[in-house]
Amino acid sequence: MPSFIINYHSMKILCGLSRYQFGIEERGETTEYVAFLPALARLGYEVAHFETCDPSQYPTYGHLNHALLAEVKRFRPDILLTVQRDYEIWIETLVRIRELGNVALITWTTDDSFKFKRVSKFIGPYYDAISTTYEYRLADYKRAGIEGSFLTQWAANAHWLNRPKLARDCQYAVSFVGSSYGGRAEIVRKLQAGGIDVQCFGYGWPNGPIPAEQIPYIMNNSVISLNFCSGFMSDGSNGRQIKARTFEVPGAGGFLLTDTAPGLDNVYQI
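Moving on, we come to empty space enclosed by the protein. Under the definition given, this model contains one cavity of 30 Å³ or more. Space inside the largest cavity adds up to approximately 40 Å³. When contributions to the lining of the largest cavity are tallied by element, the ones reaching two or more residues are strand 4 (104-108) and helix 4 (112-123). Residue contributions to the lining of the largest cavity peak at four residues, all from helix 4. Among the residues forming the lining of the largest cavity, the class breakdown is three nonpolar, five polar and one charged.

Let's shift gears to the packing of aromatic side chains. Under the counting rule described, the total for this entry stands at nine aromatic pairs. Taking 5.2 Å as the distance between ring centres and 65 degrees as the angle between the ring planes, the aromatic pair formed by tryptophan 108 and tryptophan 154 counts as edge-to-face. Highlighted residues: tryptophan 108 in strand 4 and tryptophan 154 in the loop between strand 6 (149-151) and strand 7 (172-177), separated in sequence by 46 residues. According to the relative accessible area criterion, tryptophan 154 is buried, its value standing at 16%. Counting every residue linked through ring pairs, the aromatic cluster contains Phe36, Trp108 and Trp154. One residue, arginine 27, lies across the ring of tyrosine 203, its end atom 3.8 Å from the ring centre.

Strand order in the open sheet formed by six strands is 2-1-3-4-5-6, and the pairing between neighbours is parallel. Here the strands that pair on one side only, and so sit at the sheet edges, are strand 2 (46-51) and strand 6. Across the sheet, the axes of successive neighbouring strands diverge by a mean angle of 20 degrees, strand direction being ignored. As paired elements, strand 1 (residues 12-17) and strand 3 (residues 79-82) share four bridges and run parallel to each other. Residue pairing for strand 3: isoleucine 13 is matched across the bridge by isoleucine 79. In the packing of helix 2 (residues 61-75) onto the sheet, the strands contacted are strand 1, strand 2 and strand 3, and the crossing angle to strand 2 comes to about 165 degrees.

So, about the sheet that holds strand 10 (residues 256-258). Across the sheet, four strands lie side by side as 8-7-9-10; this open sheet has parallel pairing. Single-partner strands in this sheet number two, and they are strand 8 (198-201) and strand 10. When the angles between neighbouring strand axes are averaged without regard to direction, this sheet yields 30 degrees. As defined by bridge partners, strand 9 (residues 222-227) adjoins strand 10 across three bridges and the pair is classed as parallel. Counted as the bridge partner of asparagine 227 is threonine 258 from strand 10. Of the strands in this sheet, strand 7, strand 8 and strand 9 are in contact with helix 6 (residues 184-193), which crosses strand 8 at around 155 degrees.

The next subject is the pattern of salt bridges. One pass over the full model with this rule turns up eight salt bridges. Its salt-bridge partner being aspartate 140, residue arginine 143 comes within 2.4 Å of it at the nearest N-O pair. Taken together, the positions of arginine 143 and aspartate 140, both in helix 5 (residues 137-143) and three residues apart, correspond to about one turn of that helix. Note on arginine 143: relative accessible area 63%, which makes it exposed. Given a relative accessible area of 14%, aspartate 140 falls into the buried group. The partner of arginine 240 in a salt bridge is aspartate 259, and the shortest N-O contact between them spans 2.5 Å. Taken as a pair, arginine 240 in the loop between strand 9 and helix 8 (245-251) and aspartate 259 in the loop between strand 10 and helix 9 (264-267) lie far apart in primary sequence, 19 residues in all. Through salt bridges with shared partners, a single network forms among Arg137, Asp140 and Arg143.

Cut-offs applied
- Residues numbered from 1 in each chain as written.
- Predicted model: local features only at pLDDT ≥ 70, side-chain atom pairs only at ≥ 80, totals over all residues.
- Heavy atoms only, no water.
- 1 Å grid on protein atoms, 1.4 Å probe; cavity = no way out; pocket = protein on both sides within 12 Å on 5 of 7 lines; lining within 4 Å.
- Points joined across faces, edges and corners; volume = space filled by probe spheres on them.
- Helix = DSSP H or I, 4+ residues; strand = E, 2+ residues; numbered from the N terminus.
- Nonpolar A, V, L, I, M, F, W, Y, C, P; charged D, E, K, R; others polar.
- Phe/Tyr/Trp six-rings, centres within 6.5 Å; stacked < 30°, edge-to-face > 60°.
- Buried < 20%, exposed > 50% of the residue type's maximum accessible area, 1.4 Å probe, protein only.
- Lys NZ or Arg CZ within 6 Å of the ring centre and 35° of its normal.
- Pairing = 2+ DSSP bridges.
- Axes fitted to C-alpha atoms, helices over the stretch in contact; angles between N-to-C directions.
- Contact = heavy atoms within 4.5 Å.
- Salt bridge = Lys/Arg side-chain N within 4 Å of Asp/Glu carboxyl O.

Have a look at this one:
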């Protein structure tokens, strides 16, 4: 763990993460970019963004890692907060940053249901703190000798909070905001074939992705907002996981209809 002291009243945070899903603008902005950076800024911290997944900016991982080191030295952050997709930030780079002696290294992991075995357990030892939204993974981190692991969870963006609307005043009967993959399209097709008007927004749907500021509007203006808990390549119980929508829809004043996922009863009364 670091032996330096951070002045929280003037803290500088460098966020190393992707603005767009998989670095592709057409797929829409990531939850962490839309939520984390503004939230940290509203808390009074000086925040800067470093792009980690846009190949138009950094054609190779080598270019990316050299640029990250240069930005750390220029911006001189107290904390480097990352959200790694894979190994785009090299372990050697984390070691070099740690050798500077005045930067706390923190990473927020997503999809630890399958990424723990592929990514998280290997990068974890090089961070001062690593988060996971999967309670059962804490034991795996401990077995891997990673002491700085913490259980966190998705949440609703405080800037998006709204009061519920009457159903008669809603623009959409049923909506879903998120990418189309797995069995989602088939479920929606069956609902539509049964006469239910379902409007979907996100990569892979006819409506396509929407700007982040429109997401709470759609959730607030839907009689029902759907949530699918199935995870991409998840090895969790029944392949299901808690999604950010689990909190975003109620936070936006919407009515959430969701299947279940491990740990859901820890955050909601069933």
